[in-house]
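Working through the structure, step by step
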Amino acid sequence: MTMTLVSTVTVGAGGASSIDFTSIPQTGTDLLIMFSLRSLDNGGPRDYIKVRFNGITTSTYTVRYLEGDGSVAASGVFANQSYWYTNTGLNGSTSTSNTFANSQIYLPNYSSSNAKTGSVDSVSENNATQAGQTIAAWSSTTTAAITSLSIIGNTNWAQYSTASLYTILKGSGGASVS
Amino acid sequence: MTETPQKIVVDCSTGEQTIVPLTAEEITQREVDATAYAEAEAIRQAEETAKAEAKASANTKLAALGLTAEEISAFTA
């Protein structure tokens, strides 16, 4: 297995509404995106991350999630959405100052011609009871290879938020995690 | 005047990163996304509330049948 850093982005002063990775190399087996994110939205510590690929905005994305917010746990399905998302697990503007959520997204077989899937694991940081955590399984009916990815904020990503895109190349044994 | 939102575009083939203002189309899409999320979240919360109310109602009915709190807990866990 080979893990290769494609690019790392750090949001500058003034923030950014989204981070778009374009012309993603089709040389890997899977994609891994690791984040340290904070939203400027006033939605509190329970904010969300939206992900869209290839600029597709039609209702082709489904999310199955398990989440907690510090006091309540929930699970469910959002079918036929216009993007993938975490329903929580992201720092918002009312989270403890200078703290960021930790998140990672894994997209297997991104260059295949099969329907796309993914998983996300995200947790916010907040020095209070309310801090969101979520894991979710994602699916999409789109079969095209993923060539671009947009990581979209509810409003803007805060300065110093970072996102790193990696390709994972399977080993000679065929496994991408060995 | 409201500032136009910007996005960071990373061209993975060159490594070049540029900051680009959102197009009118993209700004509209953001609004559509926000509305769609609010609607989906409202449905989700209504379902959660209905589930919690149904559970409370079931517990009340089980108690009325004579089950103790421990028995209800064992039965519904």
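Refer to the preceding data block for the structure.
The paragraphs below set out a description of the structure included in this document. (Residues numbered from 1 in each chain as written. Chains lettered and ligands numbered in written order. Predicted model: local features only at pLDDT ≥ 70, side-chain atom pairs only at ≥ 80, totals over all residues. Heavy atoms only, no water.)

This part takes up the sheet that holds strand β2 (residues 16-22) of chain A. The strand order across the open sheet built from six strands is β7(A)-β4(A)-β11(A)-β2(A)-β1(B)-β2(B), with neighbouring strands paired in mixed fashion. Looking at the sheet topology across the chains shown, the edges are occupied by β7 (84-85) of chain A together with β2 (16-21) of chain B. Relative to strand β11 (residues 149-157) of chain A, β2 of chain A is paired through five bridges, and the arrangement is antiparallel. Its bridge partner being in β11 of chain A, I19 of chain A is matched across the sheet by I151 of chain A. Relative to the sheet, helix α1 (residues 24-64) of chain B contacts β2, β4 (50-53), β7 and β11 of chain A together with β1 (6-11) and β2 of chain B, its axis offset from that of β4 of chain A by approximately 125 degrees. (Pairing = 2+ DSSP bridges. Helix = DSSP H or I, 4+ residues; strand = E, 2+ residues; numbered from the N terminus. Contact = heavy atoms within 4.5 Å. Axes fitted to C-alpha atoms, helices over the stretch in contact; angles between N-to-C directions.)

Opposite the 19 residues of chain B that make contact, chain A presents 34 residues. Regarding the contact of chain B and chain A, the summed buried area is about 2100 Å², with carbon and sulfur atoms giving 47% of it. When the area that chain B buries against chain A is broken down by residue, the three leading residues are I8, C12 and Y37 of chain B, summing to 30%. Across the chain B-chain A interface, the total number found is three salt bridges. The partner of R52 of chain A in a salt bridge is D33 of chain B, with the nearest N and O atoms 2.8 Å apart. Counting across the interface, chain B meets chain A through eleven residue pairs in polar contact (both at pLDDT 80 or more). Listing elements by their share of the side of chain B that touches chain A, those giving two or more residues are β1 and α1 of chain B. At eight residues, α1 of chain B tops the list of elements feeding residues into the side of chain B that touches chain A. (Buried area = accessible area lost by both parts, 1.4 Å probe. Salt bridge = Lys/Arg side-chain N within 4 Å of Asp/Glu carboxyl O. Polar contact = N/O pair within 3.5 Å; in protein donor to acceptor, adjacent residues only side chain to side chain.)

Looking now at the packing of aromatic side chains. Residue and element names in this part refer to chain A. Within this structure, the stated rule accounts for ten aromatic pairs over all chains. A centroid spacing of 5.3 Å and a plane angle of 40 degrees characterise the contact between F53 and W84, whose relative ring orientation is tilted. One end of the pair, F53, is in strand β4; the other, W84, is in strand β7, and 31 residues separate them in sequence. Judged by centre distance (5.3 Å) and plane angle (35 degrees), the ring pair of F78 and Y85 falls under tilted. (Phe/Tyr/Trp six-rings, centres within 6.5 Å; stacked < 30°, edge-to-face > 60°.)

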